[in-house]
Amino acid sequence: MEALRARLRAIKLLGGLLSEGERQAAARDPHARRPPRPCGMTVHTGINCPLACAYCYIYDMGFSGAVKPYPLTPIQLAYAIAVNPYVAIGASGTLIAVGSVTEPFLPETRELAVGYMSAIAEHLGNPIQVSTKMPPRELAVNQRVDVLVSITDASGRLEPRAPRPLERLAAGAELMRRGASVTLFVRPVVPGVTDREISRLLSVARDLGYSRVVFGTLRVTERIARRLAAFGVDVTPYVKELHPRRQVPVKYSKAGLVKLARDCGFEVLPSSCASNVTAHGQACALCDWGPCGDVRRLRLDVESDVREYLEWRGYKSVEVYVRGLRIHIRGRVAREDRVFVEQATRLRVLESPR
Ligand code: SF4
Ligand code: SF4
């Protein structure tokens, strides 16, 4: 299977660029062990975030406001991803999502973030997306990167330490002019806030050249609900029960926003990963929100590749067949093998008893 051969090549090449100690530190890092999330493999450019957005979940996860650059070098980060058994390496492999638990382009982490993206582009080739409230006006990475410009509403009142929404949009437009793919990421949709001036936000974005939008869901804990209340936002009508640590989604229909965006000429995508897939001219059928992108680009003749991979992993005479956009495997396989096959093919795997 090509994704496996690509992994072995990347491990050899990147491992050769690192000392034994650097290799071991990278192999112990969570990037080498975590399974990808639905949006892809999340890459952390820093620890903590000082922007203190009212709805942010990282402070419930033990993070603080004192940002520090992530401790791996760009080559170590690429190596950690290459050795991760869940991740498929290559241009049509696992989606990479930079910037999930911090702002990647903070002054303290900007250089490292660009270094991480460059190392992934050069040595792994996987499709990269970065989500930001501080888009730089230039992004020198030797691969097309999908930039999600994250905005909750036109006023920015829940993100008082981030650049003003119109500044973010303008910086994203500049990136577009320089050839980047840029998507408007209205996240999270906060009832009573996002819907206030959404028409203005969409029309300014459209006039600046934006053509795709993703609407993201708000998830709250007790503490986030309290912080939002301090900003004058009451989410209690939209949640059944609040929990101290568990995030619960706010039940608020986005249908009105979606209609407005479509009427305004936007392509509305169901999730951030759909934007990454579309920006790279690819396709994915890994979840019920899809399939996304051009489905004709999905390879369905993968049976012998999957069999070859599973046999290499030690499974004996595995029966594999493809029906529709699903790979059926008779028998049970380990989670990391199932996830790897899904990542390498972008098709969901269904196991059934022998
Ligand atoms: S920029 Fe992102 S990580 Fe930082 S506080 Fe805002 S939502 Fe949280
Ligand atoms: S099918 Fe679409 S929404 Fe689902 S994981 Fe793939 S890209 Fe994301």
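Being a predicted model, the structure only gives us computed values, none of them experimental. (Residues numbered from 1 in each chain as written. Chains lettered and ligands numbered in written order. Predicted model: local features only at pLDDT ≥ 70, side-chain atom pairs only at ≥ 80, totals over all residues. Heavy atoms only, no water.)

Concerning empty space enclosed by the protein
Turning to step 1, where the next piece is worked out: Summed over all chains, the structure comprises 1 cavity of 30 Å³ or more.
Turning to step 2, where the next piece is worked out: Along its surface, the largest cavity is lined by Val189, Thr217, Leu218, Val250, Tyr252 and Lys254.
Turning to step 3, where the next piece is worked out: Each residue belonging to the lining of the largest cavity can be placed in one class, and the counts come to 4 nonpolar, 1 polar and 1 charged. (1 Å grid on protein atoms, 1.4 Å probe; cavity = no way out; pocket = protein on both sides within 12 Å on 5 of 7 lines; lining within 4 Å. Points joined across faces, edges and corners; volume = space filled by probe spheres on them. Nonpolar A, V, L, I, M, F, W, Y, C, P; charged D, E, K, R; others polar.)

Re the sheet that holds strand E15 (residues 326-330)
Turning to step 1, where the next piece is worked out: Strand order in this open sheet of 3 strands is E14-E15-E16, and the pairing throughout is mixed. At either end of the open sheet lies a strand with only one pairing partner, and these are strand E14 (319-323) and strand E16 (348-352). This sheet shows a mean twist of 25° between the axes of neighbouring strands, independent of strand direction.
Turning to step 2, where the next piece is worked out: Alignment of E14 against E15, held across 5 bridges, turns out to be antiparallel. Each residue of the ladder has a partner; that of valine 322, found in E15, is isoleucine 327. (Pairing = 2+ DSSP bridges. Helix = DSSP H or I, 4+ residues; strand = E, 2+ residues; numbered from the N terminus. Axes fitted to C-alpha atoms, helices over the stretch in contact; angles between N-to-C directions.)

Some words on the pattern of salt bridges
Turning to step 1, where the next piece is worked out: Per the counting criterion, the structure on display carries 23 salt bridges.
Turning to step 2, where the next piece is worked out: One salt bridge connects glutamate 174 with arginine 178, and the closest N-O pair in it is separated by 3.2 Å.
Turning to step 3, where the next piece is worked out: Assessed through its relative accessible area of 18%, glutamate 174 is described here as buried.
Turning to step 4, where the next piece is worked out: Among the charged side chains, a network of salt bridges with common partners joins Glu2, Arg5, Arg9 and Glu308. (Salt bridge = Lys/Arg side-chain N within 4 Å of Asp/Glu carboxyl O. Buried < 20%, exposed > 50% of the residue type's maximum accessible area, 1.4 Å probe, protein only.)

Comments concerning the environment of serine 317
Turning to step 1, where the next piece is worked out: Note that serine 317 resides in the loop between helix H10 (303-312) and E14.
Turning to step 2, where the next piece is worked out: Judged by its relative accessible area of 62%, serine 317 falls in the exposed class.
Turning to step 3, where the next piece is worked out: Spatially, the C-alpha atoms of serine 317 and arginine 330 are 9.9 Å apart, while their sequence positions differ by 13 residues.
Turning to step 4, where the next piece is worked out: When neighbours within four sequence positions are excluded, serine 317 is seen to be in contact with Glu311 and Arg354. (Contact = heavy atoms within 4.5 Å.)

Concerning helix H11 (residues 335-345)
Turning to step 1, where the next piece is worked out: Those residues of H11 not exposed but buried are Asp337, Val339, Phe340, Val341, Glu342, Gln343 and Thr345.
Turning to step 2, where the next piece is worked out: Here the buried face of H11 lies against helix H1 (2-16), H10, E15 and E16.
Turning to step 3, where the next piece is worked out: Residue arginine 346 follows H11 closely and has a positive phi angle near 60°.

All quantities given are derived from atomic positions and should not be read as evidence of function.
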